[in-house]
Structures are given as C-alpha cells and as structure tokens.
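Residue-level structure breakdown
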Amino acid sequence: MQENILSVAQVNAYMKRMLDMDYILKNIWIQGEVSNCKIHGSGHVYFTLKDEFAAISCVLFKGFRKIDMEILRDGMKIIAKGSVSIYEKSGQYQLYVKDYIEDGIGVLYKRFEMLKNRLNDLGWFLDEIKKPIPYYPKSIGIISSETGAALQDMLNIANRRNPYIQLYLYPSLVQGEEAKFELVKAIQYFDNMDEIDVIVIGRGGGSLEDLWPFNEEIVAEAIFHSKTPIVSAVGHETDYTISDFVADLRAPTPSAAMELIIPSFRDITLRLEKDRRYLDQILMKEIDRKKSLLKFYSERIERFHPRSTFEQILQYLSELEDKLHQNMMLQMKDKKNQLILLGERLKKYSPLDKLKDGYVYIMDEEGHHIKRVDGIKEKEILTIQLYDGKVRVRIENIEKGRMDYGSK
Amino acid sequence: MAVNKSIEENLKDIEKIVEKMELGDMDLEASIKLYKEGIDLIDSCNKKMDRIEKELIVIREKE
C-alpha cells in the first residue's frame, strides 16, 4: 500500500474545496468583538472577531459593503455575515465578510430573518395569494401616525391625483412597544368596513428599531388575514419589513403607495374622452366605408336595373313592330296580287263578256230582269240588251218548255 | 347592464368595444349598437367618478 504524498498547495486546495462545499459555512452569522482592525492599502479591511474563548480572522473586501469605521473598530461588538473559507497561500481559514451590523440591533436582525424565513416557508409571501388592488377604489383606509410627515405626503398626492376618492384615517402609533397592537386594531377595523376597498399602512423611514412594529408577527398575521387588500408603505426604498412581504403590494414610500393605488382622475377622464372621440371616428369611418361600398354596388347593380331591362324591351318591341310592319306589307302585296288574279278570273264571268258571246239580257218596262217565260204577256214590250245596244221588242207568241239541245 | 361593474371593468369593456369596432367586419347596425354601448359605458364611467371632493374622515374609536 502506497501512501500519497501531497504538496502543501494540494492540501490547502483540498481543504478549501471541503470548506466551500459546506452548506452552513457558506452563509454564516458570527457574533463577536472586533480587534486588530486594519484597513489595507488595497481598501480591504482585515480584523479579528473574538469572544472570551476564541478568535477568527476576518476579511472584508473592498466594495462588499460600505465600510463604517464607527462599527468596525476595535472593541465593538458586531455580528458579521459571510462565508468561511481558506486562504490557500497561508493555509489560514477566515471569515469572508459580506455584511456586518452592530450587535444589539443584530439581535433584531436575527429575529427579522427568522420570522421572514418562517413566514416564507408558510407561503405567506407568495405572489399567487396576493389580492389584487382595485383599479378605482371608492374609499381608501390609511393607517398612519396622525402627526407624521408620511400622512401629509400621502394626502397631498391623493388630493393631487384624485380628490374624489374618500380617504379614511385610522390614527395609529407607528413605533414603540404599543404600536403593534394599534396597527392590528386598525387593520381589523378597516377590514370590517364595507366601504374600504384598499388599506394603506404608511410610515416614514427610520432605524430598524423604529420600524420594528412592522416586523412583529401579530401585525404580519393581521395583514395576512385581512380580506381587504393591503398596501405596505413603510420606510424608505431600502427598508424592508415583514409587513412589506406579507402585504398584497409593497410601495417603496408612503407617497409612492398613493401614486400606485390612486388612479389619476385626469388620466381617466382624458382616456374616456379619447375613447369617445375614437369611437366617433371609427363609426364615421365605418359609415363612410359602407357608403362607398353602397355606391360601388349601386353602380354595379345599375346594369341590372329594371330600367335597363325596360329599355331593352322597348327596343325589342320596336324591332318587333318593324318586323310586323314589314310582314304586313308583304301580306298586303300578296293579297293585292291575289285580288288581281281573282279579278282576272272573275272577268270570265262578266255579263258584258257574255253579251260579247251573243247572250242577251231581257228587261221588262220597269227594268226587271226577265229570266223565264212565265209572267210574260203577249204584246208586252220588253227591252233586249245586246252587246252593242238594245232593242225594244213586242212579244208575239209565247211557248213554254225548255230549250231542247237535242233538236237543235 | 353595466351599472354594477367597476370603473376598471367598464374601461376594459370600452377597450374591447374599440378593438371590435377597429376590426370593422360587422354590419352597420351592429357597429352603431356597439358604438352606443361604448358611449353609454363612457358616460357611466364618468358618472361613477363621483366628482365631489372628499374630506378626510378620521376614525376615533378610542374612548
């Protein structure tokens, strides 16, 4: 079995890897007293944290946190946050400080972190459970100190944006031991008021201790259980409180809260006016469009208009009339010819022609045509018409009986 | 019909109407009806913003 022989560098590197993998050492809070604090020319700060039993080297790299020599000074009790690792060159392990606070407040910080983690684990900060803030609240309940600047800021902004929204104030202490109870009462009071659409908790900036009521669990609970949406506007932009996390909306400042939840009256009326004009415009455009469409169709349909059909009919009619006329003329001509032919034929039977052939026409004295012997008296005078004249004759003898062709 | 809706819902409805009318593929009667609906909503919105300046009401329930 061969034993491994390692270089110093290898050991230190190995140790560093080991420590860097450790979950606890990655993010650790260490409480102790500062000693041997030095600012290096590079801007990094080196010091030792010690308590009555032990010490640990610490380094704060330049740029991680604003260096506050009031706190980072020998003899000060602090809580430093950072990761423990090894400086390979010397093999010395040390705390790489990322943040530090003066102890005392440090305890509060720890409480804050603990509560925050606990509530976070309970899911109280989830976006999904946040209640929507109404767009146009009719009434807003403000929880704030009656004498604070925060309230004045909020009222100014509310008034400027929309003076027609009813504001209620529940005056409450916002710092000190009693504050948390008043805050809870105020939240519950507004939550039970039907007309309140949204609650704003407002307080100006302050130290961690000043803002502490907003990190109290009973306040967080009251916010969490409120059926009315709550906006938390505590402190300045950089101050975060538990209330901010639990609330349905966090505003960086009380003024910002009002900007966020009070709809600008002017904006809305402008928008409504714009919408109205736009609707007018669209409708007009639509009507114009329909009009031109109508014109287009009416021009197209003109061709199928009965009028044009009628004109065609008229034309056809006159054509028919012409044809009829021509036909008629043709027929007339035909009849004329026929008539002439008939006349020719008729001529053959003309009495005059018969007279030409030697037949005669006999009339009595009154001009009656005599066709038979019957009725003729002897000595009666008759007129015989011949082709070229007439003769008057006296009847001498009358013989009845038909002409006998045979004997002739 | 739109009486019980909030101003925001009204505004959204107006927006929808505007969008619908922008598309323009409806008959004139429908767009006139929609237009009227939009104008009514705008009026109702205006009415809902009760234009009376409100005074701050301070709640004093302690004793």
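Preceding block: the structure.
Residues numbered from 1 in each chain as written. Chains lettered and ligands numbered in written order. Predicted model: local features only at pLDDT ≥ 70, side-chain atom pairs only at ≥ 80, totals over all residues. Heavy atoms only, no water.

1. Brief notes about a nonpolar patch on the surface
All names here are of chain A. Together, L6, V11, Y14, M15, M18 and M21 line one region of the surface with nonpolar side chains, adding up to about 590 Å² of accessible area. Counting through the fold element by element, M21 comes out in helix α1 (residues 8–21). By relative accessible area, M21 is classed as exposed at 62%. (Patch = residues over 30% accessible without salt bridge, like charges linked within 9 Å, V, L, I, M, F, W, Y side chains within 5 Å. Areas by Shrake-Rupley, 256 points an atom, 1.4 Å probe, with all protein chains shown as cover. Salt bridge = Lys/Arg side-chain N within 4 Å of Asp/Glu carboxyl O. Helix = DSSP H or I, 4+ residues; strand = E, 2+ residues; numbered from the N terminus. Buried < 20%, exposed > 50% of the residue type's maximum accessible area, 1.4 Å probe, protein only.)

2. Side note on the sheet that holds strand β12 (residues 381–386) of chain A
Think of a sheet as strands paired side by side through backbone hydrogen bonds, with each pair either parallel or antiparallel. Residue and element names in this part refer to chain A. Strand order in the open sheet made by the three strands is β11-β12-β13, with antiparallel pairing throughout. Each end of this open sheet is capped by a strand with a single partner; those strands are β11 (361–363) and β13 (389–394). Within this sheet the neighbouring strands show an average axis-to-axis angle of 25 degrees, counted without direction. Relative to β13, β12 runs antiparallel, the two being bridged by six bridges. Bridged to Q385 within β13 is K390. (Pairing = 2+ DSSP bridges. Axes fitted to C-alpha atoms, helices over the stretch in contact; angles between N-to-C directions.)

3. Considerations on the interface of chain A and chain B
Between chain A and chain B, the residue contacts involve 34 residues of the former and 36 residues of the latter. Together, the buried faces of chain A and chain B total about 3,400 Å²; carbon and sulfur atoms form 66% of this surface. Considering only the surface of chain A that becomes buried against chain B, Y164(A), L272(A) and L279(A) emerge as the three largest contributors, covering 19% of it. The interface formed by chain A and chain B holds three salt bridges in total. With a shortest N-O distance of 2.9 Å, R276(A) and D43(B) are connected by a salt bridge. At the junction of chain A and chain B, the tally comes to 13 residue pairs in polar contact (both at pLDDT 80 or more). Every element with two or more residues in the side of chain A that touches chain B is listed here: β7 (166–171), α5 (179–191) and α9 (265–302) of chain A. At 16 residues, α9(A) tops the list of elements feeding residues into the side of chain A that touches chain B. Each residue belonging to the side of chain A that touches chain B can be placed in one class, and the counts come to 22 nonpolar, two polar and 10 charged. One ladder, built from two bridges, connects β7(A) with strand β1 (residues 57–58) of chain B; its direction is parallel. (Contact = heavy atoms within 4.5 Å. Buried area = accessible area lost by both parts, 1.4 Å probe. Polar contact = N/O pair within 3.5 Å; in protein donor to acceptor, adjacent residues only side chain to side chain. Nonpolar A, V, L, I, M, F, W, Y, C, P; charged D, E, K, R; others polar.)

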